[in-house]
Amino acid sequence: INAEYMGSSGINAEYMGKLLTKTMTKVKLVSADGDIIEVEEEVATKSQLIKNMVEDTGTEEEIPVPNVKTAILNKVLEYCEKHKSDNPPEIEKPLKSNNLYEIVNEWDAKYIDIENLEEIFEIILAANYLDIKSLLDLSLIHI
């Protein structure tokens, strides 16, 4: 544990307060369909685009996501929720196998194992627009 975060009683209260605020703060995203999706800031900011918008304007304003339909945005947010506390390892290229389960962890392989190519393409477009590199890479290896 980094010494600057430690106080005489253990963990620095100010640091813990910032952590709790970030996980409890909600961000309102507005999909292309006009639906408002409320999500933890920590989840939403896995998107570099949303992270930049939150840094610029804060979390009070609704954040428009005009290029992403509700169903796809929810699917993308599912991925972000799963990976909110980690950064998935970069996928090595060239791929060492055609089997997803040999390339990425089981959860990611199941998540992207979608037969509907239109849905895959929409996830690719959303991941690209939202600037979520790990999801974009994951989506692209499925094709």
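Residues numbered from 1 in each chain as written. Predicted model: local features only at pLDDT ≥ 70, side-chain atom pairs only at ≥ 80, totals over all residues. Heavy atoms only, no water.

Draft legend 1. Structural view of the packing of aromatic side chains. One pass over the full model with this rule turns up two aromatic pairs. A centroid spacing of 5.2 Å and a plane angle of 15 degrees characterise the contact between tryptophan 107 and tyrosine 111, whose relative ring orientation is stacked. One end of the pair, tryptophan 107, and the other, tyrosine 111, are both in helix H6 (residues 106-112), four residues apart, so they sit about a helical turn from each other. You can call tryptophan 107 partly exposed: its relative accessible area is 29%. Positioned above the aromatic ring of tyrosine 111, the side-chain terminus of lysine 75 is 4.2 Å from the ring centre. (Phe/Tyr/Trp six-rings, centres within 6.5 Å; stacked < 30°, edge-to-face > 60°. Helix = DSSP H or I, 4+ residues; strand = E, 2+ residues; numbered from the N terminus. Buried < 20%, exposed > 50% of the residue type's maximum accessible area, 1.4 Å probe, protein only. Lys NZ or Arg CZ within 6 Å of the ring centre and 35° of its normal.)

Draft legend 2. Up close: the side chain of serine 47. With respect to the helices, strands and loops of the structure, serine 47 is situated in the loop between helix H2 (41-44) and helix H3 (48-57). Residue serine 47 is classed as buried on the basis of its relative accessible area of 1%. Discounting chain neighbours no more than four positions away, the residues touching serine 47 are Leu130, Asp131 and Ile132. (Contact = heavy atoms within 4.5 Å.)

Draft legend 3. Geometry of the layout of surface pockets. Approximately 500 Å³ is the volume found for the largest pocket. In terms of lining residues, the largest pocket is bounded by 24 residues, among which Asn87, Pro88, Pro89, Glu90 and Ser134 are the most central. Breaking the lining of the largest pocket down by element, the ones donating at least two residues are H3 and helix H8 (133-142). It is H8 that provides the largest number of residues to the lining of the largest pocket, a total of four residues. By residue class, the composition of the lining of the largest pocket is nine nonpolar, six polar and nine charged. (1 Å grid on protein atoms, 1.4 Å probe; cavity = no way out; pocket = protein on both sides within 12 Å on 5 of 7 lines; lining within 4 Å. Points joined across faces, edges and corners; volume = space filled by probe spheres on them. Nonpolar A, V, L, I, M, F, W, Y, C, P; charged D, E, K, R; others polar.)

So, to be careful, I would describe these as geometric facts and stop short of saying anything about function.
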